[in-house]
Amino acid sequence: MSVSVVWPGREGVEVESRNVPSPGSDELKVRVEASGLCGTDLHIASGEYPFARPGVTIGHEFAGTIVEVGPDVEGFSVGERVVVDPNIPCRTCEFCHSSRPHLCENPQALGVTLNGGLSEFAVLPAPQAYRVPEGLPPEAAALTEPLACTLHAVDLGDLRPGERALVLGAGPIGVLCAALLVAAGASEVLVSEPSRERRDHVRKVGAEPVEPESVSEGMADKVFECVGRSGTMRDAVEAVKPGGTVVWVGVAPPEAEVAVRPYDIFRRELTIRGTYTNPFTMERSLALLGSGRIDWETIVTHRIPLDRFEDAWSAHSEGAGLKVCVLPESS
Ligand SMILES: [Zn+2]
Ligand SMILES: [Zn+2]
């Protein structure tokens, strides 16, 4: 049996003991060692995530050790440490066939439509697993997926060394984004954030925290909105220089709208980009975490055993610290 965090299909999540099956022919069974909580989990728990399947074990940012290998799996063995890409494309639609699996028409996702990793054990298709570099602790490995999503966003921003970048919002994704922009060679990385505590995290990754009032027109070559609100999406468009790129990284409510002036986009030749999940960025994310160039210790502010899940969930719901990581092993 496995203690698991389940979305019952109504508001909230429940901790229950479940049977986790043996892996199928092309699957792995993993003993989960670290599982990060994400904003998506809150959306699922409040019933605002239409893709989530009632009764699913949530958790899509997890790492662990292989305890069982399906009979047809090649290239993995028991005892190896892996991290998981939760996004599973159908491999047959137009988008999968044109190297854009993140735009798949029929995707599945561990922790959303299939049982995930907020659990002592998890079963997953072997191609979703990536080997963890030697010496990288589980709570750092569990950051691979959110960092991979942020890498895709930064790729789309197309930052060139020496450019000035602005990030709006210093949640986990905003701080990861700032750390990547520093690593990518921005001359200056400013991060606008109203909370004083979160501004302190920004300094630790080598970026410069600023108060939202000091965000001004045309102040950066590249702007990354990591909040998900119409107001900050609009601020991002104002704050970019002529010819610049705005990446809307934050997840807005599906019905939200943003008022932008088409003339302004025309006259200043702006690019506004959306970014979705982590296509082909898991390996680079792991390489960055393994290299020590991303200060994961600043990002993981909470390590809480699974048997104190309520504490982890309240810290996460209240937005305390940055990344809340659940450690089933230490229960
Ligand atoms: Zn997530
Ligand atoms: Zn597809």
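Quick caveat: nothing in here was measured; it's all calculated off a predicted structure.

(A) Main features of the overall build of the chain. Of regular secondary structure, the chain possesses 10 helices and 18 strands. In terms of overall dimensions, the chain is globule-like: its C-alpha atoms have a radius of gyration of 20 Å, near the 20 Å expected for 331 residues. Considering only C-alpha atoms, the chain reaches an extent of 60 × 45 × 40 Å along its principal axes. Nonlocal contacts in the chain, meaning residues at least 24 apart in sequence, comprise 70% of its contacts between residues at least 6 apart. Only carbon and sulfur atoms are counted for the fraction: they give 49% of the accessible area of the chain, which is about 14800 Å². Distance from the positive charge centre (29 side chains) to the negative charge centre (47 side chains) of the chain: 5 Å.

(B) Focus on the pattern of salt bridges. If you walk through the whole model with that rule in mind, you get 18 salt bridges. Between E211 and R199 there is a salt bridge, with its nearest N and O atoms 3.9 Å apart. Of the two residues, E211 is situated in the loop between β13 (208-210) and β14 (220-225) and R199 in helix α5 (residues 196-204); the sequence distance between them amounts to 12 residues. Three or more residues joined by partner-sharing salt bridges are found here, namely R234, E238, R261, D264 and R268.

(C) Seen up close, the coordination of the zinc ion (ligand 1). Taken together, C38 (SG), H60 (NE2) and E61 (OE) make up the full set of protein donors to the zinc ion (ligand 1), lying 2.1 to 2.7 Å away. The sequence pattern formed by the donor residues of the zinc ion (ligand 1) is C-x21-H-E. Of the two residues, C38 sits in the loop between β3 (27-36) and α1 (39-45) while H60 sits in the loop between β4 (56-57) and β5 (61-69), which places them 22 residues apart along the sequence. There is no split in this pair, since C38 and H60 are both buried.

(D) Geometry of the packing of helix α3 (residues 144-157) against helix α8 (residues 282-291). It is the contact of α3 with α8, at a shortest axis distance of 8 Å, that shows an interaxial angle of 110°. When the axis of α3 is compared with that of α8, the two are roughly perpendicular. Crossing of α3 against α8: the hand is right-handed. Between α3, through T144, E145, L147, A148, L151 and D155, and α8, the contact on the second element is made entirely by M282, R284, S285, L286, L288 and L289. A breakdown of the residues in the contact of α3 with α8 according to their chemical character gives 7 nonpolar, 2 polar and 3 charged.

(E) Expanded view of the coordination of the zinc ion (ligand 2). On the protein side, the zinc ion (ligand 2) has C90 (SG), C93 (SG), C96 (SG) and C104 (SG) as donor atoms, found 2.3 to 2.4 Å from it. Around the zinc ion (ligand 2) sit 4 donor atoms; with metal-centred angles ranging over 99 to 117°, the donor geometry is tetrahedral. Counting the intervening residues between successive donors of the zinc ion (ligand 2) yields the motif C-x2-C-x2-C-x7-C. Of the two residues, C90 is situated in the loop between β7 (87-88) and β8 (108-109) and C104 in the loop between β7 and β8; the sequence distance between them amounts to 14 residues. Its relative accessible area of 8% is what places C104 among the buried residues.

(F) Region of interest: the sheet that holds strand β12 (residues 188-192). Taken together, the 6 strands give an open sheet; going across it, the order is β13-β12-β11-β14-β15-β16, and neighbouring strands pair in parallel fashion. This sheet does not close on itself; its edge strands, each paired only once, are β13 and β16 (271-274). This sheet shows a mean twist of 20° between the axes of neighbouring strands, independent of strand direction. Note: strand β11 (residues 164-168) against β12, 5 bridges, orientation parallel. Bridge assignment links A165 to a residue of β12, and that residue is V189. Along the sheet face, α3 touches β14, β15 (240-248) and β16 and points at about 160° away from the line of β15. Strands β11, β12 and β14 of the sheet are contacted by helix α4 (residues 172-183), whose axis makes an angle of about 170° with β11.

Here is what the cut-offs are and how they apply
- Residues numbered from 1 in each chain as written.
- Chains lettered and ligands numbered in written order.
- Predicted model: local features only at pLDDT ≥ 70, side-chain atom pairs only at ≥ 80, totals over all residues.
- Heavy atoms only, no water.
- Helix = DSSP H or I, 4+ residues; strand = E, 2+ residues; numbered from the N terminus.
- Rg over C-alpha atoms; globule rule 2.2 N^0.38 Å.
- Contact = heavy atoms within 4.5 Å.
- Areas by Shrake-Rupley, 256 points an atom, 1.4 Å probe, with all protein chains shown as cover.
- Lys, Arg positive; Asp, Glu negative; His and termini not counted.
- Charge placed at Lys NZ, Arg CZ, Asp CG, Glu CD.
- Salt bridge = Lys/Arg side-chain N within 4 Å of Asp/Glu carboxyl O.
- Donors = N, O, S within 2.8 Å, 3.2 Å for Na, K, Ca; no water.
- Buried < 20%, exposed > 50% of the residue type's maximum accessible area, 1.4 Å probe, protein only.
- Axes fitted to C-alpha atoms, helices over the stretch in contact; angles between N-to-C directions.
- Parallel < 35°, antiparallel > 145°, perpendicular 65-115°, else oblique.
- Left-handed = near helix turned anticlockwise from the far one by under 90°.
- Nonpolar A, V, L, I, M, F, W, Y, C, P; charged D, E, K, R; others polar.
- Tetrahedral: all angles 85-135°; square planar, octahedral: opposite > 155°, others 65-115°.
- Pairing = 2+ DSSP bridges.

So yeah, pure geometry; function would need other evidence.
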